[in-house]
Amino acid sequence: KNTKEITMKMFGKSTKLLLAAALIAGLGTDALAKKVYKWKLATTWGPTLHPFIDAPTKMAKMVEEMSDGRLIIRVDASNKHKAPLGVLDMVKGGQYEMGHSASYYWKGKDINTFPFSTMPFGMTTPEQYSWFYYGGGMELMEKVYKRHKVLSFPGGSSGNQMGGWFRKEINSVDDLKGLKMRIPGFAGEIMAKLGLTVTNIAPGELYTSLERGTIDALEWVGPGMDINMGFNKIAPYYYTGWHEPGLDLQFLINERAYKKLPKDLQEILVVAMKASAFDMYLQNYHMSAEAWASIEKDYPNIKIKTFPKPVMDAMKKANAELREEMTAKNPLLKEILDSQEAYQKKV
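Let me sum up the structure you'll find in this document. (Residues numbered from 1 in each chain as written. Predicted model: local features only at pLDDT ≥ 70, side-chain atom pairs only at ≥ 80, totals over all residues. Heavy atoms only, no water.)

1. Observations concerning the sheet that holds strand 10 (residues 247–254)
Short version of the rule: DSSP bridges decide pairing: two strands pair if at least two such bridges lie between them. Elements are defined by DSSP. Helices are runs of H or I of four residues or more, strands are runs of E of two residues or more, and each kind is numbered from the N terminus. Helix axes use the C-alpha atoms of the stretch in contact, all axes being lines fitted to C-alpha atoms, and the angles between their N-to-C directions lie in the range 0 to 180 degrees. The contact rule is simple, with two residues in contact once any of their heavy atoms fall within 4.5 Å.
Spatially, five strands are ordered 2-1-3-10-4 in an open sheet, and the strand pairing comes out mixed. Every interior strand has two partners, whereas the edge strands, strand 2 (71–76) and strand 4 (150–159), have only one. When the angles between neighbouring strand axes are averaged without regard to direction, this sheet yields 20°. Pairing of strand 3 (residues 98–101) with strand 10, which is carried by four bridges, proceeds in the antiparallel orientation. Across the sheet, the residue bridging to Met98 is Ile253, located in strand 10. Of the strands in this sheet, strand 1 (37–43), strand 2, strand 3, strand 4 and strand 10 are in contact with helix 3 (residues 54–66), which crosses strand 2 at around 165°.

See the structure below:
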């Protein structure tokens, strides 16, 4: 090889090394220096189901702004992906990097997931969030969801939920027997033990199921969300709550996708989830306050009721028996419920 060829090759290598050094030093163009991560998030909720849909939407906006456009998250409502109760599987499988749903929807896949939503006669929202972040709840949730190769974070609370909409007044346990009711989580297990046929139905199908008689009763959230759904037109008896004193939704993240993010984007994502979750709690509280203020005047057919003491006693008895049965078979579930119970006694 002649000197000219050798010199040109050396010049080419030197140029590449200099360019690489310049990029590392931050001297490259913005287009080369700023890597953009584009994610998708699947929700269980429809595009107009406020404030549930607002939590992931606001989170995604915060992330994009705080990251200066380096992490962009597209939020797909349930009408987009058509699988409202398949969010965990889609995040686990990598079709979506994130999800927004409720942990107790997965009890059929993993019984250890339901306590992270809420438990009957359990903690209120402030108590449960304190348990998550300062009482060991996050560590237990990580232990459960690690099996599914996803991360789970608190995703916004509805606060204390109402006990449900019924076509007729409930005066005894016998009045419950034989009813078909939409009620998820551990409360569903309790109602089944009391003689109801229990099912879980996606939010977008609730009104139609009630109208067509597929179900006789249902619980959803509280007046701020329920009245907009029109349940009172069919089932005017509206019972106060017992089963979900602090329902928490969840953000799900594909573990592999999360680990690929730079540390600063991981932190931005965690902060945005926490902020949007708290904001959803406030928004839902406000919506219910507004609804309670107008319910008597605008919806005179709604009859607010409380379950009679014998019914409540039967629910509490079933709750205690089911907890004992389930924890005897599952040490991890016992660990979670014992942790929650111990924390609740503190507060």
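2. Examining the layout of surface pockets
It is a probe the size of a water molecule, rolled over the atoms, that shows where empty space is left. What counts is decided by this rule: Within this scheme a cavity is a closed region of a 1 Å grid, computed over the protein atoms alone, that accommodates a 1.4 Å probe without allowing it to escape, whereas a pocket is open but has protein on both sides within 12 Å along at least five of seven lines; lining residues each have an atom within 4 Å of a point. Grid points are joined across faces, edges and corners, and a volume is the space filled by probe spheres set on the points. Ten residues, namely Ala, Val, Leu, Ile, Met, Phe, Trp, Tyr, Cys and Pro, are considered nonpolar, four, namely Asp, Glu, Lys and Arg, are considered charged, and the remaining ones, Gly among them, are considered polar.
One number sums up the size of the largest pocket: a volume of about 340 Å³. Residue lining of the largest pocket: 21 residues in total, with Gly46, Leu49, Pro203, Gly204 and Met229 positioned closest to the centre. When residues of the lining of the largest pocket are traced back to their parent elements, those giving at least two are helix 4 (78–81), helix 10 (206–212) and helix 11 (223–229). At four residues, helix 11 tops the list of elements feeding residues into the lining of the largest pocket. In the lining of the largest pocket, the residues fall into 10 nonpolar, nine polar and two charged.

3. A look at the pattern of salt bridges
Formally: Should a side-chain nitrogen of Lys or Arg be within 4 Å of a carboxyl oxygen of Asp or Glu, the pair is scored as a salt bridge. Three exposure classes are used, based on accessible area relative to the maximum for each residue type with a 1.4 Å probe and protein chains only: buried under 20%, partly exposed in between, and exposed over 50%.
In total, this model carries 19 salt bridges according to the counting rule given. Arg70 is paired through a salt bridge with Asp264; the nearest N and O atoms lie 2.6 Å apart. Of this pair, Arg70 sits in the loop between helix 3 and strand 2 while Asp264 sits in helix 13 (residues 263–298), and the two are 194 residues apart along the sequence. Taking relative accessible area as the criterion, Asp264 reaches 35% and is therefore assigned partly exposed. Lys345 is the partner of Glu341 in a salt bridge, and the nearest nitrogen-oxygen pair spans 4.0 Å. Note that Glu341 and Lys345 are positioned in helix 15 (residues 331–346) at a spacing of four residues, about one turn of the helix. With relative accessibility at 37%, the residue Glu341 sits in the partly exposed group.

4. Remarks on a positive patch on the surface
Under the convention used in this document: The patch calculation keeps residues exceeding 30% relative accessible area without a salt bridge and links them within 9 Å when they carry like charges or within 5 Å when they are nonpolar (Val, Leu, Ile, Met, Phe, Trp, Tyr). Note on areas: Shrake-Rupley with a 1.4 Å probe; residue coverage comes only from the protein chains shown. Charge assignment in this entry is limited to Lys and Arg as positive and Asp and Glu as negative, and neither His nor the chain termini are counted. Lysine's charge is taken at NZ, arginine's at CZ, aspartate's at CG and glutamate's at CD.
On the surface, Lys35, Lys92, Lys149, Arg256 and Lys260 cluster together into a patch of positive charge. With respect to the helices and strands, Arg256 occurs in helix 12 (residues 255–260).

5. Structural notes on the nonpolar core
Counted only if it meets this: By nonpolar core is meant a set of buried Ala, Val, Leu, Ile, Met, Phe, Trp, Tyr and Cys residues that side-chain atoms within 4.5 Å join together.
Counting residues in each nonpolar core, the largest one holds 102 residues, and the members touching the most others are Met59, Ile73, Met98, Phe166, Trp220, Leu269 and Met315. Per-element tally for this core: the top contributor is helix 13, with nine residues.

6. Things to note about the side chain of Ser67
We count it as follows: By the criterion applied in these results, polar contacts are pairs of N or O atoms within 3.5 Å in which, for protein atoms, one can donate a hydrogen and the other can accept it, and in which residues neighboring in sequence qualify only through two side-chain atoms.
Tracing the sequence through the fold places Ser67 in the loop between helix 3 and strand 2. Since its relative accessible area comes to 2%, Ser67 is described here as buried. A distance of 3.4 Å separates a polar side-chain atom of Ser67 from the backbone oxygen of Glu64. At 3.1 Å, the side chain of Ser67 and the backbone nitrogen of Leu71 are in polar contact. If sequence neighbours within four positions are ignored, Ser67 has contacts with Leu265 and Ile268.

7. With respect to the environment of Asp68
Positionally, Asp68 belongs in the loop between helix 3 and strand 2. Take Asp68: its relative accessible area is 56%, and that puts it in the exposed class. With 17 residues separating them along the chain, Asp68 and Pro51 place their C-alpha atoms 26 Å apart.

8. Considerations on helix 15
As a reminder, the rule being used: The span one expects for a helix is its residue count, reduced by one, times 1.5 Å. Arc, as used here, means the arc of the directions from the helix axis to the C-beta atoms.
The terminal C-alpha atoms of helix 15 lie 23 Å apart, and with 16 residues this matches the ideal 22 Å at 1.5 Å per residue to within 8%. Looking only at helix 15, the buried set comprises Leu332, Leu333, Ile336, Leu337, Gln340 and Tyr343. Buried positions in helix 15, seen along its axis, are confined to an arc of 130° and lie on one side of it. Across from the buried face of helix 15, at angles greater than 90 degrees, the exposed residues are Pro331, Lys345 and Lys346. Buried residues along helix 15 sit in contact with helix 6 (125–134), helix 7 (137–145) and helix 14 (309–329). Structurally, the start of helix 15 carries an N-cap: the backbone nitrogen of Leu332 is 3.2 Å from a side-chain oxygen of Asn330.

9. Overview of the side chain of Asn319
Among the secondary structure elements, Asn319 is positioned in helix 14. For Asn319, a relative accessible area of 8% translates into the label buried.

10. Section: the sheet that holds strand 6 (residues 180–182)
Strand order in this open sheet of six strands is 7-6-8-5-9-11, and the pairing throughout is mixed. Bordering the open sheet on either side are strand 7 (197–199) and strand 11 (303–305), each of which pairs with just one other strand. Two strands pair when backbone bridges link them, and strand 5 (residues 164–166) and strand 8 (residues 217–218) are joined in this way by two bridges, in the antiparallel orientation. The residue bridging Trp165 from the neighbouring strand is Leu218, located in strand 8.

11. Some words on the packing of aromatic side chains
Rules: Only the six-membered ring of Trp is used, alongside the rings of Phe and Tyr, when aromatic pairs are assigned; centres must lie within 6.5 Å, and planes under 30 degrees apart are stacked while those over 60 apart are edge-to-face, with the rest tilted. Two limits define a charge over a ring: the Lys NZ or Arg CZ must be within 6 Å of the ring centre, and within 35 degrees of the ring normal.
Under the counting rule described, the total for this entry stands at 17 aromatic pairs. What links up through ring pairs into an aromatic cluster is the set Trp45, Phe52, Tyr104, Tyr105, Trp106 and Trp220. A cation over a ring is seen here: Lys40 above Tyr96, with NZ or CZ 5.2 Å from the ring centre. Here the guanidinium or amino end of Lys303 rests over the ring plane of Tyr237, the centre of that ring lying 5.5 Å away.

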